[in-house]
Amino acid sequence: MDPIEHARRRKPWNRAFSTAALKEYQPIVTRRTAQLIEGLMGEVGTTDLAKWISYYAYDFMGDMVFGGGTEMLREGDRDGLWRLLKNGMSIAVIYEHVPWLSYYTRHLPGLGNDLKRLRAMAFERTIQRYNRGSLTKDLFYYLSNEDQAETESPPRHIVISDGLIALIAGSDTTATTLSNVFYCLLTHPETYKRLQDEVDKYYPLGEDALNPEHHVHMTYLDAVINETMRLFPAVSSGSLRAPIRGTGGKTVGPYYLPEGTQARLHVYSLQRDARYFTQPESFWPDRWLIAEGLQKFSGQFVHDPNAFIPFSFGTANCVGKNLAMLEMRMVMCNCMQKLEMNFAEGWDSEMWLRDLEDVFVTRMGQLPVTIRKRE
Ligand code: HEM
């Protein structure tokens, strides 16, 4: 809400996501991606791909923020943390609209318990991480000023709060987007095949698909990710904005927002608007290649990149975008290289769409698939 305070708090995040810092995280992404693929290869019969991807994203962010501690890929949601995160979001989305409610419910036994447990978990693990010190340059290293870039280190409650933000902002969003990518691929076999061909070109079997060096050339891979994020943005309703306190309000285009009014730009609707995208409801990755001049198209073509904001825009946009893209590209290259996937026999894929729920981030249901190792 306060741009000066936001800019101050954002500083360590910007350091944490510099190009150099991102390189340091690569071994963590690689290790978890390899573990995900190994786990999926070991699955016999039908398995819930969305659950696997969620565990992957959560374990990865746990490594990043707290230097490890969760092993959902290995042990499942043994401590109920994933469930906690999901339920905590449903409460948080109510508080987002009725903030004063939280002052009352925190005193009522039973209410908001999941959110309280989530905070307690973040508190406990932050303290553990403080005590352990940094083994690698993870996100915590920057958030807690272990890099000594600032003269004063932030107080612990700010670091705890930032850690929880990272866990929520970085796990759910990536998991939902990746799961939606696979949903789109499995409902569009011709796209699946074309992407597999691109992966086979850069990472034929035997080639190390954990090495991201070819990502930069994989235009179809990015087209598929972009097209999925256009149709299924992880934060469908966008995040809140409001006039700065003490300014008396703000005029935005033809609208006047009085002070104390919250506003949001509904990303899902914007990105499916025919004024900005040709055939807006169709899953058509080629539009990204046409827009870049990499592919020819005759006919009327509308493509407005300003109307594509899955990572939001402006000074408070998603700071983790490049990390998320690295994770998604790496998981996709490895899955497409090593596995052959199909929807579970007899499963109605419309179920996926019916189960998607907007609770600030998108909550998803199950994605039952069968997996076979590629020879
Ligand atoms: C596909 C994956 C992701 C998507 C679609 C996504 C999307 C978003 C969106 C829409 C926002 C709101 C920005 C605003 O209010 O203007 C946001 C904020 C944020 N995201 Fe992401 N995100 C993703 C992954 C990540 C990852 C991996 C991290 C790593 C920690 C991360 C960290 C953050 C943080 C810290 C913010 C708050 C930024 C601020 O207020 O300055 N995100 N993200």
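Keep in mind that this is a model prediction, so the values were computed, not measured.

Focus: the packing of aromatic side chains
By the definition in use, this model includes 15 aromatic pairs. Judged by centre distance (5.8 Å) and plane angle (90°), the ring pair of tyrosine 58 and tryptophan 82 falls under edge-to-face. Placement of tyrosine 58 in helix H3 (residues 49–66) and of tryptophan 82 in helix H5 (residues 81–97) is noted, with a sequence separation of 24 residues between them. Owing to a relative accessible area of 0%, tyrosine 58 belongs among the buried residues under this scheme. For tryptophan 82, a relative accessible area of 8% corresponds to the buried category. Between tyrosine 183 and phenylalanine 343, the ring centres sit 6.3 Å apart and the planes meet at 45°, which makes this aromatic pair tilted.

Some points on a nonpolar patch on the surface
Together, Trp100, Tyr103 and Tyr104 make up a nonpolar patch on the protein surface, roughly 430 Å² of accessible area in all. Checked against the element boundaries, tryptophan 100 lands in the loop between H5 and helix H6 (101–105). For tryptophan 100, a relative accessible area of 52% translates into the label exposed.

What about the site of the ligand?
Taken together, 25 residues lie around the ligand, and Arg10, Ser239, Arg241, Ser312 and Cys318 are the ones closest in. Within the side chain of arginine 10, an N or O atom sits 2.7 Å from an oxygen atom of the ligand. Serine 312 is positioned with one of its side-chain polar atoms (N or O) 2.4 Å from an oxygen atom of the ligand. Among the secondary structure elements, those contributing two or more residues to the shell around the ligand are helix H1 (3–16), helix H9 (156–187) and helix H14 (321–338). In terms of residues, the shell around the ligand owes the most to one element, H9, which gives 5 residues. Among the residues making up the shell around the ligand, the classes are represented as 13 nonpolar, 9 polar and 3 charged.

Reading the values: the criteria
Residues numbered from 1 in each chain as written. Predicted model: local features only at pLDDT ≥ 70, side-chain atom pairs only at ≥ 80, totals over all residues. Heavy atoms only, no water. Phe/Tyr/Trp six-rings, centres within 6.5 Å; stacked < 30°, edge-to-face > 60°. Helix = DSSP H or I, 4+ residues; strand = E, 2+ residues; numbered from the N terminus. Buried < 20%, exposed > 50% of the residue type's maximum accessible area, 1.4 Å probe, protein only. Patch = residues over 30% accessible without salt bridge, like charges linked within 9 Å, V, L, I, M, F, W, Y side chains within 5 Å. Areas by Shrake-Rupley, 256 points an atom, 1.4 Å probe, with all protein chains shown as cover. Salt bridge = Lys/Arg side-chain N within 4 Å of Asp/Glu carboxyl O. Near = heavy atom within 4 Å. Polar contact = N/O pair within 3.5 Å; in protein donor to acceptor, adjacent residues only side chain to side chain. Nonpolar A, V, L, I, M, F, W, Y, C, P; charged D, E, K, R; others polar.

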